[in-house]
Amino acid sequence: MQRTRPKRIFINDVDRYSSRNIAKFLSTCVAGGESSEEGEAEETVASSRGEPAFQIVGTVSASAKDEQERFLLERYSSPNRDELLKCLLECDVVVYNVSESASQQQVEEATWAITALHAEMENFKSRKMFILVSTVMTWAMTKPQNPDDTDVLLAEEEFRRRRPHPSFKSHNNLEKLVLKLGKGKTSKLTGYVVASGLQYGKGENLFHYFFKVSWLMQFPKVPLFGEGTNYVPMIHVYDLGGVLQNVIELKPKSKYILAVDDSKNTLEDIVKMISDTLGPGKLNKVPEQDAIAMKAFKPEELEYLSINLRLGAFIIKDSFSLHWTSEAGMVENMENIVEEYKDTRQLLPIRILLVGPPAVGKTTVSEKLCSHYQIHHIKIKEVIEEKITQLKEIVNGAEPESVSEEVTAAAQKQLENLNKSMEMNAGRLADHLLLEILQEKLNSKPCRNQGFVLDGFPKTYEQAKLIFSDEDTENQDLSKAPVYNKKITPEHVFALNATDDFLTKRAQGLPQSVAEEMRYTQEEFIPRLTRYRQLSTAEETLLDFFDEIEFLPEHIGVTTGDPEYTDILKAITEMVGIPKNYGLSPEEQEEEDRKREEERRQKVAAEAAEKKRRNEAALAEMSAQYEEWQKNLSELNRQEHELLEARSLPLRNYLMKYVMPSLTEAMSDCCKIKPEDPVSFLAEHLLRNIQQE
């Protein structure tokens with residue numbers, strides 16, 4: 001067997017749901033087939049290193065994250081036409097996927113691509129294949145040849161009389177162009193059209209809204225827009241990848257291929273099964289236009305969901321060798337589709353058990369963890385109250401149209417048993433009834449979907465064993481670890497602890513009303529604390545059960561230095577990991593952004609006010625210092641003046657007695673005589689007086 005080089009395959013928009021998953025699927029292919037068109041065996045094999053059969057290159061939008069996907073050999077971010085044509089000419093197979101959108105941009109680019117390749121065909125060194133992944137929306141208005149025969153399936157052989165949905169006429173014209181330019185035995189460019197059913201699987205796209213509202217239990221009934229009686233042709237996105245693999249390897253004679261699975265389900269069938277498997281199990285039919293108002297779907301998405309066709313894909317059934325992921329369709333394979341959805345989107349439940357003595361802070365920490373991880377807070381008292389309320393509503397006929405007489409009778413009997421048990425046990429339930437209610441709560445869809453924090457219960461080894469052990473415990477091999485129910489058993493167990501003195505002081509520091517409500521009064525708290533310490537030193541403790549099933553409990557000390565439990569929450573979240581839940585909705589994100597912006601503005605305003613206050617304080621301090629300096633300077637000048645005055649007094653007296661009389665006489669004579677040189681006159685006059693004296 002001759003080893004051939006891997007085929008180089010181009011796929012457009014590999015950052016979008018459909019193309020991304022097709023590219024992922026083809027990148028893992030290692031098997032080959034036989035060409036039915038040329039009659040020559042052509043096998044694609046993996047190398048000894050497991051080299052894939054296909055090398056995938058593709059375009060991504062400018063807004064795509066700058067990350068190199070492992071399934072891509074090369075990626076091109078918004079290339080121009082010249083760069084794109086060069087890339088297409090280097091490939092053996094060009095796949096243009098226009099199945100996800102009714103927009104003209106993709107159709108125009110695909111039209112240009114097939115036209116440009118056809119123009120360059122004479123320069124091809126080897127034959128190339130162009131595959132257009134279109135949509136069954138180009139069949140949306142097609143009627144059976146016999147209008148009375150409504151059960152007949154439309155097949156590929158009737159593709160020439162297909163009639164498109166008004167919004168998909170350009171898709172239909174593109175299909176015709178690909179078939180026209182890609183035909184001819186001597187042509188170096190072979191064209192195929194694969195009309196894909198509505199795609200599902202691998203995290204969902206078009207059907208994602210129904211999965212999300214079911215998983216989140218957002219409504220008591222999942223909305224179904226319209227009557228839902230229309231038949232929806234569908235295919236798993238990986239099965240679509242398998243169809244393309246077969247087209248590439250087998251080169252079938254039929255150039256138009258329908259890619260749909262065997263399902264013939266209505267939209268109501270599909271949404272009901274999603275709701276049953278993942279959500280509340282009920283539907284609420286609402287007008288189709290409400291989908292826009294609720295921001296559930298865009299108008300073009302509703303066009304896809306309104307299709308009403310029954311198609312038969314005979315070519316892929318008779319001629320292809322498909323390893324189906326979901327041959328029977330979404331409804332029949334819903335359990336697997338739901339698991340795919342959770343795994344792809346990493347919507348994994350987080351189950352936590354928090355135990356510890358009374359007043360250690362279990363409930364506060366539990367509430368903070370539930371807020372952080374968006375999971376459910378399970379307090380045993382509230383679970384019992386919720387169950388009793390639920391039973392009373394059933395018995396009193398809150399929803400008579402959806403509750404049978406058998407269910408009402410069973411609820412009546414269970415309610416009587418609960419009331420009787422509480423009467424006999426001073427307001428407490430017997431353990432077997434308590435554990436039954438808790439198991440039911442942990443098995444509920446919200447807890448199974450998102451997870452929970454069990455707050456302080458169970459308390460004993462036996463209770464944990466009855467709740468979490470698998471039902472078939474009698475036949476277990478004692479030499480192996482106990483078998484536990486993986487769907488409800490907490491995988492993270494944290495034991496909070498503190499000294500008795502610390503706990504007692506905390507309980508005593510509570511207001512009387514709070515202490516009474518929480519049963520932390522002196523009469524109740526000490527016995528509860530003693531009881532907890534006794535259970536902690538029993539032969540088989542609660543934590544021993546989790547040790548045995550190899551979920552090792554983590555011990556965390558509570559101290560006075562962490563009143564907000566910041567360090568405890570940090571330690572727990574580091575061990576548990578990041579939230580595995582949906583983020584905020586666009587509206588919630590907008591509100592969160594608004595709050596953050598408001599907080600930022602308040603912080604900036606507070607900083608500005610503080611800066612202004614500091615500046616004003618500094619200026620006031622400088623002004624006070626300046627005034628003090630001026631005052632001190634004035635005082636210094638005064639003292640200096642007085643000192644000079646005191647020192648100059650003897651000199652003044654001398655001048656008045658000896659100098660001033662002679663100088664006054666000389667000045668008087670100078671004024672009388674008026675000499676030409678008064679200065680010389682004064683000098684001679686004074687000198688003469690000195691000599692005479």
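Rules used in this analysis
- Residues numbered from 1 in each chain as written.
- Predicted model: local features only at pLDDT ≥ 70, side-chain atom pairs only at ≥ 80, totals over all residues.
- Heavy atoms only, no water.
- Helix = DSSP H or I, 4+ residues; strand = E, 2+ residues; numbered from the N terminus.
- Rg over C-alpha atoms; globule rule 2.2 N^0.38 Å.
- Buried < 20%, exposed > 50% of the residue type's maximum accessible area, 1.4 Å probe, protein only.
- Contact = heavy atoms within 4.5 Å.
- Lys, Arg positive; Asp, Glu negative; His and termini not counted.
- Charge placed at Lys NZ, Arg CZ, Asp CG, Glu CD.
- pLDDT = per-residue confidence, 0-100.
- Pairing = 2+ DSSP bridges.
- Axes fitted to C-alpha atoms, helices over the stretch in contact; angles between N-to-C directions.
- Patch = residues over 30% accessible without salt bridge, like charges linked within 9 Å, V, L, I, M, F, W, Y side chains within 5 Å.
- Areas by Shrake-Rupley, 256 points an atom, 1.4 Å probe, with all protein chains shown as cover.
- Salt bridge = Lys/Arg side-chain N within 4 Å of Asp/Glu carboxyl O.

This part is about the overall build of the protein chain. Along its length, the protein chain carries 24 helices and 20 strands. What you see for the protein chain is a C-alpha radius of gyration of 44 Å, clearly larger than the 26 Å of a compact globule of 693 residues, by over 25%. When the backbone C-alpha atoms are referred to their principal axes, the protein chain occupies close to 160 × 90 × 55 Å. Relative to its 693 residues, the protein chain shows a buried fraction of 42%. Nonlocal contacts in the protein chain, meaning residues at least 24 apart in sequence, comprise 76% of its contacts between residues at least 6 apart. Looking at charge distribution, the protein chain has the averaged site of its 87 positive side-chain charges lying 3 Å from that of its 114 negative ones.

Moving on: the confidence of the model for the protein chain. Any region with low pLDDT has predicted coordinates that should not be read closely. In this model, the protein chain carries a mean pLDDT of 87, and residues with pLDDT of at least 70 account for 92%. Note that residues 33-49 has pLDDT below 50 and, in this model, 42 contacts with residues that lie over four places away or in other chains.

A word on the sheet that holds strand β19 (residues 492-497). If you walk across this open sheet you meet the 5 strands as β17-β18-β16-β19-β20, and the pairing is parallel. The sheet is open, and its two edges are formed by β17 (376-378) and β20 (554-557), each paired on a single side. Across this sheet, the average inter-strand angle for adjacent strands is 20°, counted without regard to direction. Looking at chain direction, β19 and β20 are connected through 4 bridges and run parallel. Bridging from a neighbouring strand, F494 pairs with E554 of β20. Set on the sheet, helix α22 (residues 566-576) makes contact with β16 (350-355), β19 and β20; between it and β19 the angle comes to about 160°.

Next up on the list: the sheet that holds strand β9 (residues 189-196). A sheet is described by the order of its strands in space; here 7 strands give the open sequence β5-β4-β1-β6-β7-β9-β13, paired in parallel fashion. This sheet does not close on itself; its edge strands, each paired only once, are β5 (74-77) and β13 (256-259). Mean inter-strand twist for the sheet, computed between neighbouring axes without regard to direction, equals 20°. The pairing of strand β1 (residues 7-11) with strand β4 (residues 54-60) spans 5 bridges and is classified as parallel. From the neighbouring strand, R8 faces β4, where its bridge partner is Q55. Along the sheet, helix α1 (residues 17-27) contacts β1, β4 and β6 (93-97); its crossing angle with β1, the most-contacted strand, is approximately 170°.

A cluster of acidic side chains, namely E462, E539, E540, D547 and E548, defines a negative patch on the protein surface. Residue position: E540 is located in the loop between α20 (522-536) and α21 (542-548). Among the residues examined, E540 registers a relative accessible area of 43% and is labelled partly exposed.

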